[in-house]
Amino acid sequence: MSDGAAPVKLFEKKERIFPKRVWGRFRKLKWAAMVALLGIYYLAPFLRWDRGPHAPDQAILIDMPARRAYFFFIEIWPQEVYYLTGILILAAVALFFATSLFGRVWCGYACPQTVWTDLFVWVERIVQGDRVKRMRLAKAPWGFEKTWKLALTHSLWLVIGMLTGGTWVFYFNDAPTLLENIIHLDVPMGVLGWILALTFSTYLMAGFAREQVCMYMCPYSRFQSAMFDRDTLIIGYDEKRGEPRGKYKKGDSWDDRGHCIDCTACVQVCPMGIDIRDGLQMECIACGLCIDACDGIMDKLELPRGLIRYDTNHNQEARDSGMKERSHLLRLRTSYYAAIIALVGAVMLYGLIHRSPVELHVLHDRNPLFVKLSDGRIRNGYDVKILNKTHEDKTYQLVIEGLNGAEIRIQGAGSLDAAALPVFADRVGHFRVFVTADKPKDIRADAHFRLEEVGGPNADRYDGVFMSGKE
Amino acid sequence: MSKKKDIDSFTGIETTGHEWDGIKELNNPSPRWWLIVFFLCCVWSVGYWVLYPAWPTFSGDGERGGTEGSMGWTQYDQLKDSQAEIRARKSAYLASFEAASFEEVQADEALYAFAVAGGAAAFKDNCATCHSTGGAGSAGYPNLNDDDWLWGGDIDTIHETIRVGVRAVHDETRFSEMPAFGDMLSETEIADVAQHVISLSQDGDDSAGGAQVFADNCAACHSENGRGDHALGAPDLADAIWFYGDTKADIMSQVRKPKHGVMPTWEARLDANTIRQLAIYVHSLGGGTN
């Protein structure tokens, strides 16, 4: 150290945040959102939905061993996983849409990270007391009180974590059956692994990582600024009204000073540990707790509320220049997000409505490509799969078109006829099919397979090929 | 060795003393959590040495020349176990497969699938070398997918052919030999009879009198209409499938000095069940008859 300059700090040390309890409109909204969202998460697996005898009756179920996903009236096979892509696109654009309209409402109210962190902070407060008590306890030397309080806090966190992980597995198994198994401690290793993993991740994310997740791990908080414009709802501190700030004693005059009494209530309640009076910051999850805190203070001082409030840049400027505040919900940005949502939603809806209850797949033999028979005709082999997506056993007729003198023969045990191929409910029928036909002109001729349900309306087709050699 | 610590003035961190073009390397310690995990791994590994085969021994004694580990676990045993598991799974079918006739197997979906799967595997190991992986054969090696059979295409006959082979070292082997007519017929007669044979299956001129030559010399085995005879292994000359080529020159060459292929007997090399599976598999390729 030659010149005595302070060493550069490359990493910021994590400061623990002890959010203070707060009462108000947005706090109530957050409680309501938490109860609703956690309620959905914990109870949804127990909803029932009757699908008949050949399918599970759980409303929301991802059945990995059977490779089916159920969501109320929707049923998805692995071949239709593109619906998942659609859902993800919808979810992403809906998030962008909500962001451009109302700012980071997702972050503030609905994100699992926020909801579980909120729940964990609540547990912390119930056991250890409010902000000041918690800070004191954290600094206090180890003793009986600190030990049992921390042990109780962490135990409760782990219990919540276990419930979280325990509920997660219900989405992948029949919930009542699995619940009974869990009660009898008869849990498969895979399930146990998931419960433990999610117990641990919940404990870690909501107990320790908390705001660090939003600041350093979450990609959305980094790119949400791309969805922001001057009309996006943000948490704003009314600088013009608040400054110059200063301490206030009862009876002092409000002349020549701002309404901010520098009580730091807004800072103490912030779960992200920021000072909103410094302006819009990346860390701000727009939960509105600082608004509640400040409004409470303003009420006590008998000043109008709204020194900190949900605001837009446009409105801030309008107020500054004495113009009328206006909401600009309908903007180019919001309308094209809405248009994308409508478009993707319409495509998905169309897909779901027109989802065929039967699907035909035909795989042409690679080796040999074709077989010349003794009468000079050509035979091709195919692996045919028939997906019966209904919940009833069905029989189908397989027809081939576009070839001269084509005959279909099913190779397999027993005697199967192409006019009556049986496929069980909710199963894939696999058939070895030989097609014999006069030699077509083209080495690679078109062969159109048509599948029709016997005595039913459902049908599908597959455009395949019929190979033959040169003369 | 170094006289005094070299401290980087900007960050306040000790350097390693290495310098490249004026850039010094900071000697940052590894993160503490990393170090703890590293030491935990070291401790953990000791457990492995005790429990599992770990160290080679100088004497080369012990299980495969190394320490055995207290659990007595080896990958060889693991392989044995998983093979035993497969065998057990197979044996569930094997007993009923052994007891069932070909007709019974063909009527039973599970047994049939078992037979075809086993036959397909055995085919690739033993037969694909000549008959090719899809059973399509090549010149001189019959295509097993088509409906033209030298010795017959029902399962029992296919089974017998696989069992005893063709012109193989087996007391009951199938045997046929076409005489070399190059010594017995003139070139003109050979050309005429070749022309006649072509006319049996393709539209062609049959005015040269080859029909008489055919009736005198060939019909005994290939039958009068040239349709051949499974009992003798005589090929059908009136169909569209040609073993050694369908041009006049090919046919004349085969009349003059016929080629004779050999198929080994599999009775001594494969067990009875495998041969039965192979017969069912070959029959399932598409050309099998009833």
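As a convention, each chain's residues are numbered from 1 in the sequence order in which they are written. Think of it this way: whatever chain is written first is A, whatever ligand is written first is 1, and the rest follow in order. Where totals are concerned, whole chains, interfaces and linings use all residues; where local detail is concerned, this predicted model gives features only for residues with pLDDT of at least 70, and gives and counts side-chain atom pairs only at 80 or more. Think of the side-chain values as coming from all heavy atoms in the structure, minus any hydrogens and water.

### Some thoughts on the overall build of chain B
Moving on, step 1. Assigned secondary structure in chain B consists of eleven helices and two strands.
Moving on, step 2. Put simply, DSSP H or I for four residues or longer makes a helix, DSSP E for two residues or longer makes a strand, and each gets a number counted from the N terminus. Secondary structure elements in chain B, listed N-terminal to C-terminal, are β-β-α-α-α-α-α-α-α-α-α-α-α.
Moving on, step 3. For a compact globule the rule gives 2.2 Å times the number of residues to the power 0.38, and the radius of gyration it is set against comes from C-alpha atoms. By the compact-globule yardstick of 19 Å for 290 residues, chain B is too spread out, its C-alpha radius of gyration being 35 Å.
Moving on, step 4. Expressed along its principal axes, the backbone C-alpha trace of chain B runs to roughly 115 × 60 × 40 Å.
Moving on, step 5. Here, residues are in contact when the closest pair of their heavy atoms is within 4.5 Å. Long-range contacts, defined as pairs at least 24 residues apart, comprise 52% of the intrachain contacts of chain B with a sequence gap of at least 6.

### Notes on the packing of helix H4 (residues 109–126) of chain B against helix H11 (residues 272–284) of chain B
All names here are of chain B.
Moving on, step 1. Axis lines are fitted to C-alpha atoms, over the contacting stretch for helices. Their N-to-C directions set the angle, which ranges from 0 to 180 degrees. Viewed as axis vectors pointing N to C, H4 and H11 meet at an angle of 95°, and their least axial separation amounts to 7 Å. Of the possible angle classes, the one that applies to H4 and H11 is roughly perpendicular. Where H4 abuts H11, its residues Tyr-112, Phe-114, Ala-115, Val-116, Gly-118, Gly-119, Ala-120, Ala-122, Phe-123 and Lys-124 lie against Thr-274, Gln-277, Leu-278, Ile-280, Tyr-281, Val-282 and Ser-284.
Moving on, step 2. Three residue categories are used. Nonpolar comprises Ala, Val, Leu, Ile, Met, Phe, Trp, Tyr, Cys and Pro, charged comprises Asp, Glu, Lys and Arg, and polar comprises the others, including Gly. Class assignment for the residues of the contact of H4 with H11 results in eleven nonpolar, five polar and one charged. Orientation is classified from the angle alone, with under 35 degrees giving roughly parallel, over 145 giving roughly antiparallel, 65 to 115 giving roughly perpendicular, and any other angle giving oblique.

### Here we look at the sheet that holds strand S3 (residues 74–76) of chain A
Residues and elements named next belong to chain A.
Moving on, step 1. Note on pairing: two strands pair once DSSP finds at least 2 bridges between them. What the three strands build is an open sheet, ordered S1-S2-S3; its pairing is antiparallel. Bordering the open sheet on either side are strand S1 (60–63) and S3, each of which pairs with just one other strand. Neighbour-to-neighbour, the strand axes of the sheet open up by a mean angle of 10°, direction not taken into account.
Moving on, step 2. With four bridges connecting them, S1 and strand S2 (residues 68–71) associate as antiparallel partners.

### A word on the interface of chain B and chain A
Moving on, step 1. Contact residues are listed per partner, giving 25 residues for chain B and 21 residues for chain A.
Moving on, step 2. Here, a salt bridge means any Lys or Arg side-chain nitrogen found within 4 Å of an Asp or Glu carboxyl oxygen. Here chain B and chain A share zero salt bridges between them.
Moving on, step 3. Looking at the side of chain B that touches chain A, the elements that each hand over two or more residues are helix H3 (102–107) and H4 of chain B.
Moving on, step 4. The residue inventory of the side of chain B that touches chain A, partitioned by class, reads eight nonpolar, eleven polar and six charged.

### Regarding the packing of aromatic side chains
Moving on, step 1. Centres within 6.5 Å are what make two rings of Phe, Tyr or Trp a pair, Trp counting through its six-membered ring; a difference in plane orientation under 30 degrees is then read as stacked, over 60 as edge-to-face, and the rest as tilted. Summed over the entire model, instances satisfying the criterion amount to 29 aromatic pairs over all chains.
Moving on, step 2. On the numbers, 5.9 Å between centres and 55° between planes, the contact of Phe-96 of chain A with Tyr-337 of chain A is tilted. With a gap of 241 residues between them, Phe-96 of chain A in helix H2 (residues 82–102) and Tyr-337 of chain A in helix H15 (residues 332–353) connect regions that are remote in the sequence.
Moving on, step 3. Directly above the aromatic system of Phe-97 of chain B lies the positively charged group of Arg-276 of chain B, at a separation of 4.8 Å from the ring centroid. Both a distance and an angle decide whether a charge sits over a ring: NZ of Lys or CZ of Arg must be within 6 Å of the ring centre and within 35 degrees of the ring normal.

### Remarks on helix H8 (residues 210–217) of chain B
Residue and element names in this part refer to chain B.
Moving on, step 1. Among all positions of H8, only Gly-210, Val-213 and Phe-214 are buried. Relative to the axis of H8, the buried residues are bounded by an arc of 100° and lie together on one face. Exposed residues on H8 whose side chains face more than 90 degrees from its buried face are Gln-212 and Asp-216.
Moving on, step 2. Structurally, H8 contributes buried residues whose contacts are with helix H7 (187–201) and helix H9 (219–222). Think of it in three bands: with a 1.4 Å probe and only protein chains considered, a residue is buried below 20% of the maximum accessible area for its type, exposed above 50%, and partly exposed in between. By construction, the arc corresponds to the directions joining the helix axis to the C-beta atoms.

### Looking at the nonpolar core
All names here are of chain A.
Moving on, step 1. Among buried residues, those of type Ala, Val, Leu, Ile, Met, Phe, Trp, Tyr and Cys that are joined through side-chain atoms within 4.5 Å constitute a nonpolar core. Ranked by size, the top nonpolar core spans 38 residues in total, and within it Ile-235, Met-272, Ile-276, Cys-290, Ile-291, Ile-308 and Tyr-310 carry the most contacts.
Moving on, step 2. Elements supplying a minimum of two residues to this core: helix H1 (25–43), H2, helix H3 (105–110), helix H9 (211–217), strand S4 (234–237), helix H12 (265–268), helix H13 (289–301) and strand S5 (308–311).
Moving on, step 3. With seven residues, the single largest contributor to this core is H13.
Moving on, step 4. A domain split of this core shows at least three residues from each of domain 1 (25–225) and domain 2 (227–332).
Moving on, step 5. With residues up to four places along the chain from it excluded, the contact list for Met-272 reads Ile-17, Glu-211, Cys-214, Met-215, Glu-283 and Ile-285. A domain assignment, automatic or from a database, supplies the domain bounds used here.

### Thoughts on the environment of Val-371 of chain A
Moving on, step 1. Within the secondary structure layout, Val-371 of chain A lies in strand S7 (residues 371–372).
Moving on, step 2. Considering only alpha carbons, one finds Val-371 of chain A and Trp-49 of chain A, 322 residues apart in sequence, at a separation of 51 Å.
Moving on, step 3. Once you skip the residues sitting within four places of it in the chain, Val-371 of chain A turns out to touch Arg-377, Ile-378 and Arg-379 of chain A together with Asn-143, Asn-145 and Asp-146 of chain B.

### A few points about unusual backbone geometry
Residue and element names in this part refer to chain A.
Moving on, step 1. A cis amide bond links Glu-243 with the next residue in sequence, Pro-244, at an omega value of -10°.
Moving on, step 2. Here Pro-244 lies in the loop between helix H11 (239–242) and H12.
Moving on, step 3. The peptide bond linking Asn-367 to Pro-368 adopts the cis configuration, its omega dihedral lying at 0°.
Moving on, step 4. Here Pro-368 is to be found in the loop between strand S6 (358–364) and S7.
Moving on, step 5. Of note, Arg-210 is a non-glycine position whose phi angle comes to about 40°, a positive value.
Moving on, step 6. Turning to its location among the elements, Arg-210 is positioned in the loop between helix H8 (189–209) and H9.
Moving on, step 7. Its identity as a non-glycine residue notwithstanding, Ala-286 has a phi of 55°, on the positive side.
Moving on, step 8. Structurally, the position occupied by Ala-286 is in the loop between H12 and H13.
Moving on, step 9. Using a relative accessible area of 6% as the deciding quantity, one classes Ala-286 as buried.

### Focus: the domain arrangement of chain B
Residues and elements named next belong to chain B.
Moving on, step 1. Here chain B is described as being made up of domain 1 (89–172 + 263–284) and domain 2 (181–256).
Moving on, step 2. The gap between the C-alpha centroids of domain 1 and domain 2 is 31 Å.
Moving on, step 3. By convention, the term buried area covers the 1.4 Å-probe accessible surface removed from two parts as they join, with the contributions of both added. Summed over both partners, the interface of domain 1 with domain 2 comes to about 820 Å²; 61% of that surface belongs to carbon and sulfur atoms.
Moving on, step 4. Three residues stand out in domain 1 for area buried against domain 2, namely Asp-148, Leu-150 and Trp-151, and they jointly supply 59% of the buried area on that side.
Moving on, step 5. Linking domain 1 with domain 2 are zero salt bridges, by the criterion used here.
Moving on, step 6. Here a polar contact is recorded for every N or O atom pair within 3.5 Å, except that within protein the pair must consist of a potential hydrogen donor and a potential acceptor, and residues adjacent in sequence are included only if both atoms are side-chain atoms. Remark: the boundary between domain 1 and domain 2 carries two residue pairs in polar contact (both at pLDDT 80 or more).

### Description of the layout of surface pockets
Moving on, step 1. Estimated volume of the second largest pocket: approximately 1,100 Å³.
Moving on, step 2. Lining the second largest pocket are 42 residues, with Asp-383, Gln-411, His-430, Phe-431 and Arg-432 of chain A positioned closest to its centre.
Moving on, step 3. Mapped by element, the contributors of at least two residues to the lining of the second largest pocket are strand S8 (378–388), strand S10 (407–411), strand S11 (421–423) and strand S12 (428–437) of chain A together with H4 and H11 of chain B.
Moving on, step 4. Ranked by residues supplied to the lining of the second largest pocket, first place goes to H4 of chain B with seven residues. Site definitions follow a grid-based scheme: protein atoms alone, a 1 Å grid, a 1.4 Å probe that fits but cannot get out for cavities, and for pockets an open set with protein on both sides within 12 Å along at least five of seven lines, plus lining residues having an atom within 4 Å of a point. Grid points are joined across faces, edges and corners, and a volume is the space filled by probe spheres set on the points.

### A few points about the pairing of strand S2 (residues 23–26) of chain B
Successive side chains on a regular strand alternate, one facing one side of the sheet and the next facing the other.
Residue and element names in this part refer to chain B.
Moving on, step 1. The sheet contact formed by strand S1 (residues 15–20) and S2 spans three bridges and is antiparallel. Among the inter-strand pairings, Thr-15 is bridged to a residue of S2, identified as Leu-26.
Moving on, step 2. Hairpin geometry of S1 and S2 is characterised by an intervening segment of two residues between the two adjacent antiparallel strands and by a positive phi of about 50° at Asp-21.

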